[in-house]
Amino acid sequence: MVIKIWSDNETVVYASHELQKYLNAMDYKVCTDIISDVKIEKEITEGEIKLGLLEDFGLNCDDVEDKMTDDVIDIKVKNGSGYIAGSNYRSILMGVYKYLKSGGCRFVRPGEGGDYIPERDMSSHSFEYRKKADHPFRGECSEGAISYEHMRDTVYWLPKIGMNMYMIEGLVPYTYMHKWYGHESNLILREKGQVTKYSELEKYIALLEKDIKKTGMQLHAVGHGYMFENLGIHHASGAEEKAALKEEDKKYLAKVNGVRDLYGGSTFYTHFCYSNPEARKILVDFCVDYAKKKPYIDYLHVWLADAANNQCECDECVKMTPSDHYVQLLNDIDEAFEKEGISTRIVFILYVDTVRPPEKLKLKHPEKFVLLAAIGSNYETGYKVEEYTGEIPPFVRNSFTPPNNSLRLLWHNQWKELCGNIPSIIFEYRFYIDHYCDPGYMRIARETFRDMKSLNDVNFQGCMSDQTHRTYMPTSLPMQIMGETLFDKELDFESFVDDYFISAFGNDGQKCREYLEILSDLFCPGNVRNGGKNGIEEQGLKTKEDTIPETWVNNPKVAEKTSKIPQVLKDFMPVIEKNMALDNRCHRMSWVYLKYHSYICEYLCRIINLDASGKRSEAQTLIGELELYISKVEMDIHPVFDLHLFIRYIRLKLGLKMQPYFL
C-alpha cells in the first residue's frame, strides 16, 4: 500500500505518517510507503491512498466559506484504495483519523497507551464519507495544573475526537504550569523553596506552539496576563509583580477607591485606566509587537483583567461603560493592525463587566473579530431559548452582579447585532471542577451531549472549553462526547456510549458502564453541585435557578444514597482486578485507572455522607486523609487526573481554604 501526498505542508506530512503508523499497527502484512512531492492524479489507483485538499481532487468546495474555520472531510476508499481530502490541512489529518476509526481504531485518551488498535486487513476495507463540521470552533483552553507534556498530549489528541483549536492562555500560562512543576497541592512532592523559572516555561510554550501548528489546528493565544508586559512585568507571582511596578507607571492603572495600584497585588486582576490614550497605547503596542513576532498565531485574544468590580473610577472613565471603553481599545488595536498589515484575527470576551453591551461605541470593522462569551452554563437544565421579560437593570459602575441566563443570552445577542452578527464562541467551564460533582461521569456526559447539540439554538458557533487537561478518570467519555457532538450534532448518544465502553474497556465494557451509571446516581450530582461554592459561582459566572435541586448538606436522602456506595465499590472490585491482567495495554490501563478511581470514590462518598448526615467537622477531617492518599499516588494517575483541581473542588465544597503553599 502506498500513501501519496502532493503538498510538503507539515500537517499533511504528519497526517501521512499517522496513517502509516496506524495501518502498520492494524495489519502487520501491510507495507506502507509514503511518496511526496508528486502530482496527485484524480483517478483512483489500486493500492494507493492519496491525501490532499478538496481542490486537489477537483471535489466540491461550495460549502467552504472560510478555510481557516470550516472543516470539511471527504473520504472515498474502496478496498484500501482511494483518497482522504479536506477543506484545509487540518481537515486532512482529521479525515485520516475518521478513516482509521471506520476501520476500528479508537483514541481512548491522550498519550502513550491511549489508543485501541484492532488487528484488521485494511487492504480490503472500504469507507465513503463527507461531512462539514457543524460548528467552526471546537477546542480547549489551558487550565488547571499542567506540564508541557500534558498540553502536548492534549494537542495531539484533540483532532482525533473532532476538535480543531487550542488556546494557550497567557504569554506563558505561568500560574497553571507552576501548580504542576511546583507540585503546589501535593503534600509529599512539594518542597520549600521550589522555584518555577519563567524562562524555562517560555521554552516549553515555544515547543507547544510548534506542536499546535503541526496539527494544523487554529492557534488561539494570550487572553489574560499580557497587560503589563510593556511595563516590564511578566505575570508570574504577586510578590514579584508588586516589587517590579514602577511608581511612575501607576498613572496608567485603574483608580479604584481613590487609589491607582495593583488590584489584589497582581497584574492578573488589575485594569488600566482605559480612557487614558497613553494607557491604551501601551496595550495596543504590545498587541502589534506580539502579532509581528508571532505571525503564526491565528487568533489573538484581547481580554481585560480577571476580576470584577474594579474598573477605573476616574472622572473620564466614568463617562462610558466598561464595554464602551473595551470597544474603543479594540478599535485602536484594529487600526494599528491595519496600518502594519497584520492579518491576525482578534477575539474579545464578554466577561463580568463586559457582558453588558456598549451604549455608545461600535466596532468599526467587526468582520475582523470573533466574540467569546464567558457566560457559563446552567448545567442542571442546559441552554434554553427563553425570552427575557424583566426590566434591564441600570448600569452601576463596580456593582456587577451575575445576570440570570436569559438576560445573559439577550445581551450576547445584542452584542452580536452591534457587530454585524459575527461568529461567537461559548467559553465553557464544565470540566474545570464541576465534573467532579459526578464521579461516575455518566450524567455529565449526557449534559454535555445535550448542551453541545443545542449551541446553535442559542446562537453560538462553537465552544472553547476552559478545563483541566486531565479529565479521563474514570473515562474520557464526556470529553469525547463534547468533541464528536460539536463536529456532528446528529451523533447518536446511546450507540456512541456503547461503542466507547467496549473500545475503552474490552469485553466487560458494558459491565463498566452499568457500574458507572449506578455511581452517577448514588453520588447525587445535582445535590452536590448545588452545595457550597464551586469554581463557577466563585467567579460570579453561574446563576442558580429555581430548578436546581436542594443541597446535599444535612440531606437525609443524599445520606441514604451515598451509604450504598461502599458496597457497590466492593462488589465491582473483582471485575476491575480481573481485567487489570488484560493483554491489551489500552484496556488494561483503563481498568488500572478505574481501581484508583474506586479508592478515591470510597473516600469521597464517606465525606459527602458525613456532611449529608450533619457531621461537617468529621467530613472536613477526612479530607486530609484523601489528600494524603492522592498525593501518594499522583505520579501513577497524573495523565488522567488533576490532583490540584480535585482538591480545590472538595475544599470549596466543604468550606475549607487550600492548604498554604510555601515558596
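Attention here is on the structure that accompanies the text. It should be emphasised that the depicted structure is a prediction, and the values quoted were computed from it without experimental measurement.

1. With respect to the overall build of the chain
Line of reasoning, step 1. The helix and strand tally for the chain stands at 20 helices and 18 strands.
Line of reasoning, step 2. Taken over the C-alpha trace, the chain has a radius of gyration of 25 Å; the compact-globule value for 663 residues is 26 Å, and the two agree within 12%.
Line of reasoning, step 3. If you line up the chain on its principal axes, its C-alpha atoms span 75 × 65 × 55 Å.
Line of reasoning, step 4. Contacts spanning at least 24 positions in sequence make up 77% of the contacts within the chain whose residues lie at least 6 apart.
Line of reasoning, step 5. As presented, the chain carries roughly 25,600 Å² of accessible surface, and 49% of it is formed by carbon and sulfur atoms.
Line of reasoning, step 6. Positive and negative charge centroids in the chain, built from 81 and 100 side chains respectively, lie 2 Å apart.

2. Structural notes on the sheet that holds strand β4 (residues 72–78)
Line of reasoning, step 1. Spatially, six strands are ordered β2-β1-β3-β5-β4-β8 in an open sheet, and the strand pairing comes out mixed. The open sheet has two edge strands, β2 (33–35) and β8 (127–132), and neither has a second partner. On average, each strand axis in the sheet is inclined to that of its neighbour by 15°, with strand direction left out of account.
Line of reasoning, step 2. Pairing analysis gives six bridges linking β4 to strand β5 (residues 81–86), with the strands arranged antiparallel. In the sheet register, Lys 78 faces β5, and the bridge partner there is Ser 81.
Line of reasoning, step 3. Together, β1 (2–5), β2, β3 (48–53) and β5 form the strand contacts of helix α1 (residues 10–26), whose direction differs from that of β1 by roughly 170°.

3. With respect to the pairing of strand β11 (residues 218–223)
Line of reasoning, step 1. A large share of β11 lies buried, amounting to six of its six residues.
Line of reasoning, step 2. In terms of strand pairing, β11 meets strand β14 (residues 299–302) through four bridges, oriented parallel. In the sheet register, His 220 faces β14, and the bridge partner there is Tyr 299.

4. Re the sheet that holds strand β16 (residues 369–373)
Line of reasoning, step 1. Here eight strands make up a closed barrel; going around it, the order is β9-β10-β11-β14-β15-β16-β17-β18 and the pairing parallel. Direction aside, neighbouring strands of the sheet carry axes that sit 25° apart on average.

5. Notes on the pairing of β3
Line of reasoning, step 1. Within β3, six of the six residues are buried, leaving the element largely enclosed by the surrounding structure.
Line of reasoning, step 2. With four bridges connecting them, β1 and β3 associate as parallel partners. The residue bridging Lys 4 from the neighbouring strand is Lys 50, located in β3.
Line of reasoning, step 3. Inspection of the sheet shows β3 paired to β5 by five bridges, in the parallel sense. Paired with Leu 53 across the bridge in β5 is Gly 86.

Cut-offs applied
Residues numbered from 1 in each chain as written. Predicted model: local features only at pLDDT ≥ 70, side-chain atom pairs only at ≥ 80, totals over all residues. Heavy atoms only, no water. Helix = DSSP H or I, 4+ residues; strand = E, 2+ residues; numbered from the N terminus. Rg over C-alpha atoms; globule rule 2.2 N^0.38 Å. Contact = heavy atoms within 4.5 Å. Areas by Shrake-Rupley, 256 points an atom, 1.4 Å probe, with all protein chains shown as cover. Lys, Arg positive; Asp, Glu negative; His and termini not counted. Charge placed at Lys NZ, Arg CZ, Asp CG, Glu CD. Pairing = 2+ DSSP bridges. Axes fitted to C-alpha atoms, helices over the stretch in contact; angles between N-to-C directions. Buried < 20%, exposed > 50% of the residue type's maximum accessible area, 1.4 Å probe, protein only.

These results come straight from atomic positions and should not be treated as a statement about function.
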